[in-house]
Amino acid sequence: MIRVMVCGAYGKMGREVLLAVHKDQQLSVVGAVDKNSAFADVGDIIGAGKTGVTVGNDLTTVINETKPQVMVDFTNPEAVMNNIRIAIKNGVCPVVGTTGLGEAELNEVRELCAAAKVNAIIAPNFAIGAILMMKLAQEAAKYLPHVEIIEMHHDQKLDAPSGTALRTAELISKVRGDMRQGHPDEVEKLTGARGGDLAGIRLHSVRLPGYVAHQEVIFGGLGQTLTIRHDSISRESFMPGVVLACKKVLTVDGLIYGLEHIMG
Ligand code: NAP
């Protein structure tokens, strides 16, 4: 059994991860942390009866008391780096779904992993379908380089654009390069109307109740458009990827960024 602890245990993703890890035959929930812990039993959070594992509010204490091998983090962009640093310092492998980490932070994690000889997996999207959407979008961009991205999420999401939208744009820019598209004299009458710009690709973020996580990558060509769309209609969609990462993280080499590197 691989010993797993979950950071952000009361969150929308954290609860789902606790349930998925609890149900898996090779994984065991040994600890949980949330900012405002009421020391609830994990079993009460996931409706599985008493487990004897309680939610703590201090990561170092929980690591010392429960000796996890893996820390899964679904918290927020402000908290995640500190959690990763504490985990690596204590020899615990982070599996991170929290989005909003930039290049500088990824480099820091890469260096910390190498120095401590601890592995980590960070994925802006743990849904298999979303990985396929990104791969297919990268392929399509070789033939249809004019592209815009619209991502739609629930209205409690803190960062915009989503980590998935940024990653999709990065992957597309690798094959089509930095390209100017649209009219050169375009004027924005309302600031932000044309969305964010990554290497000339426009990214648009929608935040509304009712959504979970969705993205459309729209390509335009002469007399045609092609839309590649992925919908996470429930948070269960991320769980096979998270469970896979918990199993693989002990044997990868240093930091792995992106679920595509451990699939298949
Ligand atoms: P959420 O419902 O707000 O849950 C986050 C939880 O973390 C909250 O209970 C929060 O407590 C807690 N928290 C905050 N700081 C903490 C700390 N220092 N230590 C421990 N717990 C802490 O958010 P969510 O919807 O679950 O999403 C969490 C993250 O996952 C977001 O960054 C989101 O973008 C990302 N996400 C990634 C994927 C993926 O596939 N990679 C999929 C979905 C979501 P408070 O409420 O008291 O602040």
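Residues numbered from 1 in each chain as written. Predicted model: local features only at pLDDT ≥ 70, side-chain atom pairs only at ≥ 80, totals over all residues. Heavy atoms only, no water.

Caption draft 1: A look at the sheet that holds strand β11 (residues 224–232). Spatial strand order, β8-β9-β7-β10-β11: five strands in an open sheet with mixed pairing. The strands lining the two open edges of the sheet, one partner per strand, are β8 (196–198) and β11. Within this sheet the neighbouring strands show an average axis-to-axis angle of 20°, counted without direction. Pairing of strand β10 (residues 213–221) with β11, which is carried by nine bridges, proceeds in the antiparallel orientation. Residue pairing across strands places Val217 opposite Ile228, the latter belonging to β11. The strands that helix α6 (residues 128–141) touches are β10 and β11; relative to β11, the one it contacts most, it runs at about 165°. (Pairing = 2+ DSSP bridges. Helix = DSSP H or I, 4+ residues; strand = E, 2+ residues; numbered from the N terminus. Axes fitted to C-alpha atoms, helices over the stretch in contact; angles between N-to-C directions. Contact = heavy atoms within 4.5 Å.)

Caption draft 2: The arrangement of the pairing of strand β5 (residues 93–96) in detail. Burial of the side chains of β5 extends over both faces: Cys93 and Val95 are buried on one face and Pro94 and Val96 on the other. In this structure, strand β4 (residues 70–73) lies alongside β5, joined through four bridges in parallel fashion. In the strand pairing of β5, Asp73 is matched with Val96. Tracing the backbone out of β4, into helix α4 (residues 80–89) and back to the parallel element β5 gives a crossover that is right-handed. For the crossover from β5 across helix α5 (residues 103–116) to strand β6 (residues 120–122), the handedness is right-handed. (Buried < 20%, exposed > 50% of the residue type's maximum accessible area, 1.4 Å probe, protein only. Right-handed = clockwise from strand over helix to strand, strands pointing away.)

Caption draft 3: How the structure looks around the packing of α6 against helix α7 (residues 163–176). Two numbers describe how α6 lies on α7: the axes approach to 8 Å, and their chain directions differ by 30°. With respect to α7, the element α6 is oriented roughly parallel. Crossing angle aside, the handedness with which α6 passes α7 is right-handed. Contacts between α6 and α7 pair Met133, Met134, Ala137, Gln138 and Ala141 from the former with Thr164, Arg167, Thr168, Leu171, Ile172, Lys174, Val175 and Arg176 from the latter. Counted by class, the contact of α6 with α7 contains seven nonpolar, three polar and three charged residues. (Parallel < 35°, antiparallel > 145°, perpendicular 65-115°, else oblique. Left-handed = near helix turned anticlockwise from the far one by under 90°. Nonpolar A, V, L, I, M, F, W, Y, C, P; charged D, E, K, R; others polar.)

Caption draft 4: Structural context of the site of the ligand. The local shell around the ligand holds 23 residues, among which Met13, Asn36, Thr99, Phe126 and Lys157 are the closest. In this structure, an oxygen atom belonging to the ligand sits 2.9 Å away from a side-chain N or O atom of Lys12. Within the contact set of the ligand, an oxygen atom lies 2.8 Å away from a backbone nitrogen or oxygen of Met13. With the chains in place, 79% of the 920 Å² that the ligand exposes on its own is no longer accessible. At a threshold of 2 Å from the grid points, most atoms of the ligand map onto the largest pocket. (Near = heavy atom within 4 Å. Polar contact = N/O pair within 3.5 Å; in protein donor to acceptor, adjacent residues only side chain to side chain. Areas by Shrake-Rupley, 256 points an atom, 1.4 Å probe, with all protein chains shown as cover. 1 Å grid on protein atoms, 1.4 Å probe; cavity = no way out; pocket = protein on both sides within 12 Å on 5 of 7 lines; lining within 4 Å. Sits in = over half its atoms within 2 Å of the grid points.)

Caption draft 5: Structural context of the side chain of Lys157. Relative to the helices and strands, Lys157 resides in the loop between β7 (146–153) and α7. Among the polar contacts made by the side chain of Lys157, one reaches the side chain of Thr99 at a distance of 3.2 Å. Setting aside chain neighbours within four positions, we find Lys157 in contact with Thr99, Ser162 and Arg207.

Caption draft 6: Highlighting the packing of α4 against α5. Direction vectors running N to C along α4 and α5 enclose 10°, while the axes themselves pass 10 Å from each other. When the interaxial angle is binned, α4 and α5 end up roughly parallel. In this structure, α4 contributes Met81, Ile84, Arg85 and Ile88 to the contact, and α5 contributes Glu105, Glu108, Val109, Leu112, Cys113 and Ala116. Residues belonging to the contact of α4 with α5 are distributed by class as follows: seven nonpolar, no polar and three charged.

Caption draft 7: Structural view of the nonpolar core. Formed by 73 residues in total, the largest nonpolar core has its most connected members in Leu18, Val72, Val109, Phe126 and Phe219. Per-element accounting of this core gives the leading share, seven residues, to α6. Viewed by domain, this core spans two of them, domain 1 (2–122 + 236–261) and domain 2 (128–233), each represented by three or more residues. Apart from the residues lying within four places of it in its own chain, the contact partners of Val72 are Val4, Met5, Val6, Cys7, Val17, Val95, Val242 and Cys246. Grouped together as the second largest cluster of nonpolar side chains are 10 residues, Val33, Leu59, Met71 and Ile86 included. (Core = buried A, V, L, I, M, F, W, Y, C linked by side-chain atoms within 4.5 Å. Domains from an automatic or database assignment.)

Remember, this is a structural readout, not a statement about activity or role.
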